[in-house]
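Here is how the chains run, residue by residue.
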Number of protein chains: 2
Amino acid sequence: MTLETVSETRCFTGTQGVYRHDSSSTGTPMTFAVYVPDHAEGEKLPVLWWLSGLTCTHENAMTKCAYHKACADLGVILVGPDTSPRGPDLNGDDVPDDEAYDFGQGAGFYVNATQDPWAKHFHMRDYVEQELPAIVAEHFPVDMDRQGISGHSMGGHGALTVSLRNPGRFRSTSAFAPIVSPLNCPWGEKALTGYLGADKAAWREYDACALIEDGARLSDLLVDQGAADNFLEEQLKTHLLEKAVAEAGMNATIRMQDGYDHSYFFVSTFIADHIAWHAERLKA
Amino acid sequence: MTLETVSETRCFTGTQGVYRHDSSSTGTPMTFAVYVPDHAEGEKLPVLWWLSGLTCTHENAMTKCAYHKACADLGVILVGPDTSPRGPDLNGDDVPDDEAYDFGQGAGFYVNATQDPWAKHFHMRDYVEQELPAIVAEHFPVDMDRQGISGHSMGGHGALTVSLRNPGRFRSTSAFAPIVSPLNCPWGEKALTGYLGADKAAWREYDACALIEDGARLSDLLVDQGAADNFLEEQLKTHLLEKAVAEAGMNATIRMQDGYDHSYFFVSTFIADHIAWHAERLKA
């Protein structure tokens, strides 16, 4: 596998890189971002996976999220994948160029699609669970025994579900304004019907609340949710996650943050908190 | 003057607002950003002006510059104007829609243009020196006796020249990767020829080095410049500013920062330093 360096830029005491490669999961080129703090030669650092939300590429978090200082100070590598396959390779397979902001390109929902025309390329679950971790382990100074995962909105959904499905892989899991139950919101209905079909049994492994109901557990969980988030009531439904973790007796801190909305202004406010919380667990 | 609130968003312990108004300086609607930290009722806070660089709107710094935490912690209001007039009002006056990234819309250079078709609308000097300060003083809890100014690239040029031309107005002046002498670089040649005409005598009040040569002084100055900045040699020429302040015996700290480029990754790395430096002087 050839990794192309798109850019490497100094930021705080580390390097923000952008890389591209041909993905076997998606059958397209994929671009991802990696921030590597300065470190001693040969040293391996813990790694935090950051999954982004609807409409985002690999770029949004790296320019808007302001994670660099906390990662640099605490010695944590941050990896930010794109949110879907993109580009001309999709057109030959009848994938529309821009279906909608909440479906198709920029909205992969971290699933392996089974329905046409998405089934051939939209394998973001395989990409973030299998392919990209192997690439990151090969090319960057990461200690894969110390992984954490977080994300925002659709990416919060991704972080929760990837972690719940892979017990023991992540020492720490957090989320910002996650879609906690695609089974129970319009964004989820639309995307999972499109990618997975109408049989909702197939959706449960892509629904954090359903996974917990079905017995999956995290050792710990941190969630921040803006109380002034326009999407809270109809799409995010944090209370369903609160109910699921309570019924499961699962360790979780779910914080409603007064006055904050769904934007990166909210995420950037609390990202240093989250990185410190992850670092505590990754370095324990 | 009516001020339209475009958006107000909570970020750290404060509010990032975006506002629009009809500008008498430019004869167009103008949009600007203001971050107001939480504060006691009736309290007035010091204000830091942030002038942005080529291609930027009011939005780039507020999403990429990561100034919110430092402003909130130190109780400093930050105001970020747009970099030029924009929009349909210009077309009737034969102003091209998108001349180039370094001239015309997004590239006002903080001058009062005297050449057609720019002379009617491109009065960014009046806008940032006179009109916007009056609006900010009227609508926001600012203490206009405690003003600082900073900016990036073309905005660094703006910060230096606005401050040098208005002795005593700003208690603190800093810049990131400023264009220190439009008289001596291609960006300056192109823009000032276009806006001011070929007579370079008219350019001197828009050239930080020339202003210092001609006797203007700042009580103090902080400049950060990335040593890996692609524009350093041809456009920014920090050494000309070093020479001018040395010859003038002017107090200045000009730091070359190894490894950093011209991007907001560089600015965001050092913005908290600058805000702390301004706050010291604004609160003294």
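Residues numbered from 1 in each chain as written. Chains lettered and ligands numbered in written order. Predicted model: local features only at pLDDT ≥ 70, side-chain atom pairs only at ≥ 80, totals over all residues. Heavy atoms only, no water.

- In the annotation of an unreviewed UniProt entry, chain A is listed under the name S-formylglutathione hydrolase and assigned to Aurantiacibacter gilvus.
- Looking at chain A in UniProt, the text filed under Function (unreviewed entry) is "Serine hydrolase involved in the detoxification of formaldehyde."
- UniProt annotates chain A under Sequence similarities (unreviewed entry) with the comment "Belongs to the esterase D family." (UniProt positions renumbered as here; feature names shortened; annotations may be inferred.)

## What about the sheet that holds strand β3 (residues 29–37) of chain B?
Residues and elements named next belong to chain B.
Next, step 1: The strand order β1-β2-β3-β5-β4-β6-β7-β8-β9 describes an open sheet built from nine strands, whose pairing is mixed. Each end of this open sheet is capped by a strand with a single partner; those strands are β1 (4–10) and β9 (253–257). If you compare each strand with its neighbour and ignore which way they point, the axes differ by 20 degrees on average.
Next, step 2: Looking at chain direction, strand β4 (residues 45–51) and strand β5 (residues 77–81) are connected through three bridges and run parallel. (Pairing = 2+ DSSP bridges. Helix = DSSP H or I, 4+ residues; strand = E, 2+ residues; numbered from the N terminus. Axes fitted to C-alpha atoms, helices over the stretch in contact; angles between N-to-C directions.)

## Points about helix α3 (residues 124–139) of chain B
Residues and elements named next belong to chain B.
Next, step 1: The sharpest bend along α3 comes to roughly 35 degrees, located at leucine 132, with the proline proline 133 sitting one to four residues further on.
Next, step 2: By the burial criterion, the buried members of α3 are Met124, Arg125, Tyr127, Val128, Glu129, Glu131, Leu132, Pro133, Ile135 and Val136.
Next, step 3: Close packing links the buried residues of α3 with β2 (14–22), β3, β4, β5, β6 (142–151) and α4 (154–165). (Bend = angle between axes of the 7 residues up to and from the residue. Buried < 20%, exposed > 50% of the residue type's maximum accessible area, 1.4 Å probe, protein only. Contact = heavy atoms within 4.5 Å.)

## Brief notes about the relation of the copies chain A and chain B
Next, step 1: Expressed as a screw transformation, the operator carrying chain A onto chain B has a rotation angle of 180 degrees and an axial translation of 0.0 Å, and the superposed copies differ by an RMSD of 0.0 Å. On the angle and the small slide along the axis, the relation comes out as a two-fold axis. Using C-alpha coordinates, one finds that chain A approaches the rotation axis most closely at A:Lys64, a distance of 2.6 Å.
Next, step 2: In this assembly, 100% of the residues forming the interface of chain A have copies in chain B that are likewise at the interface, indicating an isologous arrangement. (Least-squares fit on C-alpha atoms with pLDDT ≥ 70 in both.)

## Quick word on the environment of B:Ser150
Residue and element names in this part refer to chain B.
Next, step 1: Relative to the elements of secondary structure, serine 150 occurs in strand β6.
Next, step 2: For serine 150, a relative accessible area of 1% corresponds to the buried category.
Next, step 3: If we skip the residues at most four places from it in the chain, serine 150 touches Leu48, Trp49, Trp50, Leu51, Gly155, Ala159, Ser174, Ala175, Phe176, His274 and His278.

## Quick look at the interface of chain A and chain B
Next, step 1: Counting residues at the interface gives 20 residues for chain A, matched by 20 residues for chain B.
Next, step 2: Contact between chain A and chain B buries roughly 1500 Å² in total, counting both sides, with carbon and sulfur atoms accounting for 66%.
Next, step 3: The largest per-residue losses of area from chain A upon contact with chain B belong to A:Arg10, A:Phe12 and A:Phe265, which jointly make up 40% of the total buried on that side.
Next, step 4: Our enumeration of links across chain A and chain B arrives at four residue pairs in polar contact (both at pLDDT 80 or more).
Next, step 5: Of all the secondary-structure elements, those providing two or more residues to the side of chain A that touches chain B are β1 (4–10), α1 (59–64) and α9 (264–282) of chain A. (Buried area = accessible area lost by both parts, 1.4 Å probe. Polar contact = N/O pair within 3.5 Å; in protein donor to acceptor, adjacent residues only side chain to side chain.)

## A look at the pairing of β1(A)
Residues and elements named next belong to chain A.
Next, step 1: The pairing of β1 with strand β2 (residues 14–22) spans six bridges and is antiparallel. Its bridge partner being in β2, glutamate 4 is matched across the sheet by arginine 20.
Next, step 2: Following β1, the chain reverses through three residues before pairing antiparallel with β2; phenylalanine 12 in that reversal takes a positive phi of roughly 45 degrees.

## A look at unusual backbone geometry
Residue and element names in this part refer to chain A.
Next, step 1: Here the residue pair aspartate 116 and proline 117 is connected by a cis peptide bond, since its omega of 0 degrees sits within 30 degrees of zero.
Next, step 2: Here proline 117 shows up in the loop between β5 (77–81) and α3 (124–139).
Next, step 3: Here alanine 177, not a glycine, exhibits a phi torsion of approximately 45 degrees, which is positive.
Next, step 4: The topology assignment puts alanine 177 in the loop between β7 (170–176) and α5 (186–196).

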